[in-house]
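One-letter residues, chain by chain:
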Amino acid sequence: MSQTASDLNKKKTSDHNSKDNERWLTINGKRFHYIWLRDNCICPACRHPTSFQKINDISTFSSIPKPLSVVIEEDQVIITWQEEPIHQSIFPIAWLMDYAYDQDAGTNNLHQKLELHKKQEILWDRAWIETNLPRKYDINTDDFDAWTEQILTLGFAILKINNHQDLENLISKIGPRDPFEGERVLFPVKSVPGATDLSETGYALDPHGDYETYKFGPHLLQFLYCVENRATGGESFLIDAFKVAKDFRQNHPSYFNLLVKTPIQFQQIYTDWQYYYRRSRQIIELDRKEQVRAIYFGHSHAYNWDLSFEQMEEYYEAYCAFSCALKDPSYHYCFRLEPGECIAVQNFRVLHGRNAFDANSGVRQLDVSYTRWDYFIARENFKLFQTLYLND
Ligand SMILES: [Fe+2]
Ligand SMILES: [Zn+2]
């Protein structure tokens, strides 16, 4: 049975004046502006059929698109537009429901599902970890999706990997490895004479994320692969900085706001490359819903800040309070990394560090590699939404 748009609007949008009725169509209680419908037409002339990119340019229309007729069938809507030559759009109703943007669109539409990765997060501290001890995933026998799922919930996974080749194969399943310095994609981290980085000494490493504080570049998924660990000390620890920030927001709201609003400078000097990296950024970054989206922290890179005389002392108060919170052992998941084990970390959520070790007591070598977080999340999104594109 067919129904026209004017019938539908009479029934469902009778509280609007007739001018409004000319501007949108209501399907299953959800309103879609005609300009949106015309812009998002999925016919092959408007949307390229294999790249799914938009060809139609709504900005060239001289007036708001108007329908000549709207026919609503059981599973699709057919709109014929007042255009010269006449144009027709056919939308599957299920497709429209997935892309609905009306205020009562509910939690099942695409925009909500894309934010689900955020909702999937389980914020943890040491007590949570002790009662929910994460398993170690053997990449040869465990399902690939099992550990990637844990990255989405906890921000890390511990993997058992036989050798470098297996690590390489694993990372290339997600995306190209990110070469940071020239062509190097695997960084051996061990104590060396004349170290250019604190990680190449036996010093303890305070909680930090790699690179994203002082370098311009993408969010990272980091892999810390243990090659050898014979040294005394050098235990690894992980911290869910989103959990720390959540508690910090409650306990110190004014400090929290200061860290959200005030950019400070992070820097790194590489004498061999003759690079002096310097970047200004806020330690805590929020998304458009005011939720914590990223934490950028690395005490060894945070110095010589460009703050005014009036700001300096107050900022130090907030900075030190947050730094102490990150170092609070009640947030630390502490363990000894064994050879063949690899930590995969969402670099801008879960901070990592290590206790000091005695470099003379034995070799401790971690090989570190990265890929872009973008590849990881885009792959997850593709799994979720490919049917919206590939089945029509
Ligand atoms: Fe690091
Ligand atoms: Zn079209």
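Residues numbered from 1 in each chain as written. Chains lettered and ligands numbered in written order. Predicted model: local features only at pLDDT ≥ 70, side-chain atom pairs only at ≥ 80, totals over all residues. Heavy atoms only, no water.

Concerning the coordination of the zinc ion (ligand 2)
- The protein atoms that coordinate the zinc ion (ligand 2) are Cys 41 (SG), Cys 43 (SG), Cys 46 (SG) and His 87 (NE2), at distances of 2.1 to 2.3 Å.
- Classification of the site at the zinc ion (ligand 2) as tetrahedral follows from its four donor atoms and the range of 103 to 118° in their angles at the metal.
- For the zinc ion (ligand 2), the single-chain donor residues occur in sequence as C-x1-C-x2-C-x40-H. Each member of the pair, Cys 41 as well as Cys 43, carries the same accessibility label: buried. (Donors = N, O, S within 2.8 Å, 3.2 Å for Na, K, Ca; no water. Tetrahedral: all angles 85-135°; square planar, octahedral: opposite > 155°, others 65-115°. Buried < 20%, exposed > 50% of the residue type's maximum accessible area, 1.4 Å probe, protein only.)

Thoughts on the confidence of the model for the chain
- On average, residues of the chain score 89 in pLDDT, and 91% of them reach the 70 mark or higher.
- Counting interchain partners and residues more than four positions distant, the pLDDT-below-50 stretch residues 1-18 has 34 contacts. (pLDDT = per-residue confidence, 0-100. Contact = heavy atoms within 4.5 Å.)

Digging into the sheet that holds strand S18 (residues 332-335)
- One open sheet holds the four strands; their spatial order is S10-S20-S13-S18, and the pairing between them is antiparallel. The outermost strands of the open sheet, each flanked by one partner alone, are strand S10 (205-208) and S18. Along the sheet, successive strands turn relative to each other by an average axial angle of 15°, direction set aside.
- Strand direction decides the pairing type here: S10 and strand S20 (residues 350-354), joined by two bridges, are antiparallel. (Pairing = 2+ DSSP bridges. Helix = DSSP H or I, 4+ residues; strand = E, 2+ residues; numbered from the N terminus. Axes fitted to C-alpha atoms, helices over the stretch in contact; angles between N-to-C directions.)

Here's the deal with helix H13 (residues 373-390)
- Taking 1.5 Å per residue as the helical rise, H13 with its 18 residues ought to reach 26 Å, and the 24 Å between its terminal C-alpha atoms agrees with that figure.
- At Leu 384, H13 is bent by approximately 55°, the largest bend along its length.
- All of the buried residues in H13 are Trp 373, Phe 376, Ile 377, Glu 380, Asn 381, Phe 385 and Leu 388. (Expected span 1.5 Å × (residues − 1). Bend = angle between axes of the 7 residues up to and from the residue.)

Considering the coordination of the iron ion (ligand 1)
- Every protein donor of the iron ion (ligand 1) is accounted for by His 208 (NE2), Asp 210 (OD) and His 352 (NE2), and the metal-donor separations fall at 2.2 Å.
- The sequence pattern describing where the donors of the iron ion (ligand 1) fall on their chain is H-x1-D-x141-H. One end of the pair, His 208, is in strand S10; the other, His 352, is in strand S20, and 144 residues separate them in sequence. Both residues of the pair, His 208 and His 352, count as buried.

Regarding the domain arrangement of the chain
- You can read the domains of the chain as domain 1 (3-114) and domain 2 (118-381).
- Distance between the C-alpha centres of domain 1 and domain 2: 45 Å. (Domains from an automatic or database assignment.)

Quick word on the side chain of Asp 142
- Locating Asp 142 in the fold gives a position in the loop between strand S7 (136-138) and helix H8 (144-154).
- One polar contact links Asp 142 to Arg 135, side chain to side chain, over a distance of 2.8 Å.
- Apart from the residues lying within four places of it in its own chain, the contact partners of Asp 142 are Arg 135, Lys 136 and Tyr 137. (Polar contact = N/O pair within 3.5 Å; in protein donor to acceptor, adjacent residues only side chain to side chain.)

A look at H8
- Counting buried positions over the eleven residues of H8 gives eight, a clear majority of the element.
- Of all the residues in H8, the buried ones are Phe 144, Trp 147, Thr 148, Gln 150, Ile 151, Leu 152, Thr 153 and Leu 154.
- Residue Gly 155 follows H8 closely and has a positive phi angle near 85°.

Considering the nonpolar core
- Among the nonpolar cores identified, the biggest contains 53 residues, and Leu 238, Ile 264, Ile 283, Ile 284, Ile 295 and Phe 322 are the most heavily contacted of them.
- Of the residues forming this core, the biggest block, six residues, is contributed by helix H12 (residues 309-327).
- Contacts of Ile 295, omitting those with residues within four sequence positions, involve Ala 241, Phe 242, Ala 245, Ile 283, Ile 284, Phe 322 and Phe 348.
- Counting residues in hydrophobic clusters, the runner-up holds 24 residues, among them Leu 170, Ala 294, Ala 344 and Phe 348. (Core = buried A, V, L, I, M, F, W, Y, C linked by side-chain atoms within 4.5 Å.)

Comments concerning the side chain of His 87
- Inspection of the secondary structure puts His 87 in strand S6 (residues 87-92).
- Residues contacting His 87, with those up to four places away along its chain left out, are Arg 38, Cys 41, Cys 43, Cys 46, Ile 79, Thr 80 and Trp 81.

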